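Now for the letters of each chain:
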There are 2 protein chains.
Amino acid sequence: MARIVMKFGGTSVADLDRIHNVARHVKREVDAGHEVAVVVSAMSGKTNELVAWVQNMPKVAGSNAPFYDAREYDAVVASGEQVTAGLLAIALQSIGVDARSWQGWQIPITTDSAHGAARIADIDGSKLIQRFGQGQVAVIAGFQGIAPDGRIATLGRGGSDTSAVAIAAAVKADRCDIYTDVDGVYTTDPRIEPKARRLAKISFEEMLEMASLGAKVLQVRSVELAMVHKVRTFVRSSFEDPDAPGMGDLLNPPGTLICDEDEIVEQQVVTGIAYAKDEAQISLRRVADRPGVAGGIFGPLAEGGINVDMIVQNISEDGSRTDMTFTVPQGDVAKALAILDKVRETVGFDVVQHDDGMSKVSVIGIGMRSHAGVAATAFKALAEKGINIRAITTSEIKISILIDGPYTELAVRTLHSVYGLDKQ
Amino acid sequence: MARIVMKFGGTSVADLDRIHNVARHVKREVDAGHEVAVVVSAMSGKTNELVAWVQNMPKVAGSNAPFYDAREYDAVVASGEQVTAGLLAIALQSIGVDARSWQGWQIPITTDSAHGAARIADIDGSKLIQRFGQGQVAVIAGFQGIAPDGRIATLGRGGSDTSAVAIAAAVKADRCDIYTDVDGVYTTDPRIEPKARRLAKISFEEMLEMASLGAKVLQVRSVELAMVHKVRTFVRSSFEDPDAPGMGDLLNPPGTLICDEDEIVEQQVVTGIAYAKDEAQISLRRVADRPGVAGGIFGPLAEGGINVDMIVQNISEDGSRTDMTFTVPQGDVAKALAILDKVRETVGFDVVQHDDGMSKVSVIGIGMRSHAGVAATAFKALAEKGINIRAITTSEIKISILIDGPYTELAVRTLHSVYGLDKQ
């Protein structure tokens, strides 16, 4: 007997038929004798509908900023998960599985007071564990908790993944299964490289890099949380037949296990190739080379909510001035340039250039810590295809390369091949 | 300064524009210096959508009864009001009115444990009153509270009227305004009799008779509650311009005041004519005339959930057998006949006849307590039009007459005229 948290996203509960299918997945685990908590998202499209209602409310005269009280936003938007939880509990009861729905305030899942993008502060698992003992499945509305002011707080978009991992940690679950519309984590995007393979296992650190690069299988925060609490997290498909062979395998179900690196016996040097499109490069020339300059530039950008990514700095010839290049999401370029214009004189730099339509391609693998030459292999392979490298940043387990957007697919396929990811 | 509870139904909050309009009605009262609580229903159609989801869930194999856990039904269905409350709070804030949404469990509004059709047990008005003191409008999700099990309970369809009146009683409001899509209570249905007039005032007792007869302006339970707690309740339109002259009149706004009969100085003998279509008449012949017979017939019908209305019993010629006639809603005839078939032998009666397509027309007025001849006037007027009277029941303030359905409109107009309701 194990204790399992199962999480189903919006596409997995999109309509009554899909919810009934989810109930069959849950029943399979219950019938195997496991204790089960299920975390659900809102039905596909519902959250967007609710958010649109909030955002389309008439604005205060004279204000052009979207205005709304985040506490009211939360009260409105959290209703989507509440509905799914109730419906799934009914679906489970209808196939003979004892179940009840739980809202965040009933458990309770307490959060901080950052309404609209709250963080979970604490989960009291005692009521859930008591119900497990009675053989009852807990169906939990994801994405929400109760804030110190006694009102509903949502965790921000995609927060149901985070709910699931946090609940798994709170009830000391043996496994947290994230059911989604893909059947696992792949070596790269299969839409770009058909030879992409599903990974049996990936380490938390690697998944974190994959997730933050836009492999939209799991929210970054949920991976961080899983890593901290060492929650064994499976990514698997809700669209497979719930009763297909192997689906109920406790140790090795179909999907990708995200786990501690110690659990991965045969580590590959490179685990996957990720990419992020629509990056823009901004270059500052003749930046004064004195302490505080970087803060004078990146501080205001951060305050403006702009996510600066790759930063490259070159010493200029005479040593008193430098060139500085960094990337921002393409949609933020105009805002970034406006902010830079304001600080130009006080900080001291000459020319601002910017190029849109860049892509960032990344090579990720824990094994590269102990292997030399991984970066050189990438540079050589891209050069052979005539792909110009705009900028490079590296971390212990990742090499990111900025290239011109139109070369994205070619670069991904080239790197996927050169590190042997095409072969089993 | 007064304390006012305002309630807006589903058509009054059907979309964002309507919600914005509701906010203007609220702002008018706030600007006049009043303390305001607002009770809202779900957006028109939302409750039906949610109920359909619950009811269309796959059923337990072998069961053909609609199956669902009423507690889960409540968790799902209550979300509709939660959404409206949040949206209205945002709309109010956007026009400069301090407001926050409240869900039943936050106030709390406690109910009994009859999930799906709960009754309010208690309302703690202290938090609301505290916020009134700070000038904040309370926007309350109607139709719901929290049951002793700590879970959301709904009050049954139309329960938002009941929420509003109960809250008005709890916070000792000076007035409870029920905003709806009609502008008051009329002497009869204006679709049948264009000369119908809006009543300035109607007593609780009269309104109770009107409501229970299908004048669907107010839920019966809310009128009962208003009567018990002497809550001055106004029925008025949310579709009028919120800032039209007189709309903010504290003592005499446009609409109909439902109040204690003492407040109605010039009582009319007859206040209104109500009707209910789609009644069916069931006749039992040669019923054994001994104690317990009525219980033997009507007990099983009540247990079957069948609402028996007019009952007429005639002594038969030899005094040992009687004929018994009663009405049930037409949709319940088949079920009623099946139940009667089961008890026929034990109770002892001969033949069961039934006629569909009956209507019940009622003359209502507190003044008839002290006036003789009111019933005779009705019988004479109907006879002059050739309308056959099938059955009659009377109470202190009501005369109900069962007639053939096709004569409904003629009967209503005839009675409306004969009691002088056509004239101001």
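Under an unreviewed UniProt entry, the name given to chain A is Aspartokinase, and the source organism is Mesorhizobium australicum. UniProt lists a comment for chain A under the heading Sequence similarities (unreviewed entry), and it reads "Belongs to the aspartokinase family." As recorded by UniProt, the Catalytic activity (unreviewed entry) comment attached to chain A reads in full: "L-aspartate + ATP = 4-phospho-L-aspartate + ADP".

> Let's hear about the domain arrangement of chain A: which residues, and what values?
Residue and element names in this part refer to chain A. Once the domains are mapped, chain A shows domain 1 (3–262) and domain 2 (272–418). Taken together, the contact pairs 15 residues of domain 1 with 18 residues of domain 2. The contact between domain 1 and domain 2 buries some 1,500 Å² in all, and 62% of this surface belongs to carbon and sulfur atoms. Our count for the contact surface shared by domain 1 and domain 2 stands at two salt bridges. For E209, the salt bridge identified is with K398, shortest N-O distance 3.3 Å. For the pair domain 1 and domain 2, the interface holds eight residue pairs in polar contact (both at pLDDT 80 or more). Here the side of domain 1 that touches domain 2 gets four residues from one element, more than from any other, and that element is helix α7 (residues 204–212). Residue composition of the side of domain 1 that touches domain 2, by class: four nonpolar, three polar and eight charged.

> Can you explain the sheet that holds strand β2 (residues 35–40) of chain B? Please cite residues and give values.
In sheet architecture, strand pairing relies on hydrogen bonds along the backbone and comes in two forms, parallel and antiparallel. Residue and element names in this part refer to chain B. The strand order across the open sheet built from eight strands is β3-β6-β2-β1-β9-β11-β12-β10, with neighbouring strands paired in mixed fashion. Of all strands in the sheet, those bounded by a partner on one side alone are β3 (99–102) and β10 (201–203). Within the sheet, the average angular offset between the axes of one strand and its neighbour, ignoring direction, is 20 degrees. In terms of strand pairing, strand β11 (residues 233–237) meets strand β12 (residues 256–259) through three bridges, oriented antiparallel. Bridge pairing links F234 to L257 in β12. The sheet contacts of helix α7 (residues 204–212) involve β10 and β12, and relative to β10 the element is tilted by about 85 degrees.

> Which residues make up the UniProt feature "binding site: substrate" (unreviewed entry) in chain A, and what values do they have?
All names here are of chain A. Mapped onto this structure's residue numbering, the UniProt feature "binding site: substrate" (unreviewed entry) falls at T47 and E81. A maximum C-alpha distance of 8.6 Å places the annotated residues, which cover 35 residues in sequence, within one compact spot. By the element assignment, T47 lies in helix α2 (residues 46–55). Using a relative accessible area of 11% as the deciding quantity, one classes T47 as buried. In this structure, E81 sits in helix α4 (residues 79–94). A relative accessible area of 3% means that E81 is categorised as buried. Beyond its immediate stretch of four places on either side in the chain, E81 contacts V40, S41, A42, T47, A141, G142, F143, Q144 and S160.

> Mind laying out the packing of helix α3 (residues 70–77) of chain A against α4 of chain A, listing which residues take part and the relevant values?
Residue and element names in this part refer to chain A. Where α3 contacts α4, the two axes come as close as 5 Å, and the packing angle between them is 20 degrees. Classed by the angle they form, the pair α3 and α4 counts as roughly parallel. Across the interface between the two elements, A75, V76 and V77 from α3 touch S79, G80 and E81 from α4. Residues of the contact of α3 with α4, tallied by class, amount to three nonpolar, two polar and one charged.

> Pulling in residues and values, what's your account of the packing of aromatic side chains?
The final tally for this structure, using the stated rule, is seven aromatic pairs over all chains. With 5.4 Å between their ring centres and 15 degrees between their planes, Y68 of chain A and Y73 of chain A make a pair best called stacked. One residue, R18 of chain A, lies across the ring of F239 of chain A, its end atom 3.7 Å from the ring centre. The cationic tip of R100 of chain B hangs over the ring face of W102 of chain B; the distance from NZ or CZ to the ring centre is 3.6 Å.

> Could you give me a rundown of the UniProt feature "binding site: ATP" (unreviewed entry) in chain A, with the residues and numbers involved?
Residue and element names in this part refer to chain A. Per the UniProt record, "binding site: ATP" (unreviewed entry) is annotated on K7, F8, G9, G10, T180, D181, Y186, R191, K216 and V217. Sequence-wise these annotated residues cover 211 residues; spatially they are dispersed, their C-alpha atoms as much as 24.9 Å apart. Inspection of the secondary structure puts K7 in strand β1 (residues 3–8). Sequence-distant contacts of K7, defined by excluding residues within four places in its chain, comprise V39, S41, S160, D161, A164, D177, I178 and Y179. Within the structure, K7 has its side chain in polar contact with the side chain of D161 (distance 2.8 Å). Residue placement: F8 occurs in strand β1.

> Can you explain the interface of chain B and chain A? Please cite residues and give values.
With 41 residues of chain B at the contact, the number on the chain A side is 41 residues. In terms of surface lost to chain A, no three residues of chain B exceed W53, M57 and I90 of chain B, which account for 19% of the buried area on that side. Applying the counting criterion to the chain B and chain A interface returns two salt bridges. Between K46 of chain A and E49 of chain B there is a salt bridge whose closest N-O contact spans 3.8 Å. Where chain B meets chain A, there are 11 residue pairs in polar contact (both at pLDDT 80 or more). Put simply, the parts of the chain that give the side of chain B that touches chain A at least two residues each are α1 (16–31), α2 (46–55), α3 (70–77), α4 (79–94) and β3 of chain B.

Parameters at a glance
- Residues numbered from 1 in each chain as written.
- Chains lettered and ligands numbered in written order.
- Predicted model: local features only at pLDDT ≥ 70, side-chain atom pairs only at ≥ 80, totals over all residues.
- Heavy atoms only, no water.
- UniProt positions renumbered as here; feature names shortened; annotations may be inferred.
- Domains from an automatic or database assignment.
- Contact = heavy atoms within 4.5 Å.
- Buried area = accessible area lost by both parts, 1.4 Å probe.
- Salt bridge = Lys/Arg side-chain N within 4 Å of Asp/Glu carboxyl O.
- Polar contact = N/O pair within 3.5 Å; in protein donor to acceptor, adjacent residues only side chain to side chain.
- Helix = DSSP H or I, 4+ residues; strand = E, 2+ residues; numbered from the N terminus.
- Nonpolar A, V, L, I, M, F, W, Y, C, P; charged D, E, K, R; others polar.
- Pairing = 2+ DSSP bridges.
- Axes fitted to C-alpha atoms, helices over the stretch in contact; angles between N-to-C directions.
- Buried < 20%, exposed > 50% of the residue type's maximum accessible area, 1.4 Å probe, protein only.
- Parallel < 35°, antiparallel > 145°, perpendicular 65-115°, else oblique.
- Phe/Tyr/Trp six-rings, centres within 6.5 Å; stacked < 30°, edge-to-face > 60°.
- Lys NZ or Arg CZ within 6 Å of the ring centre and 35° of its normal.

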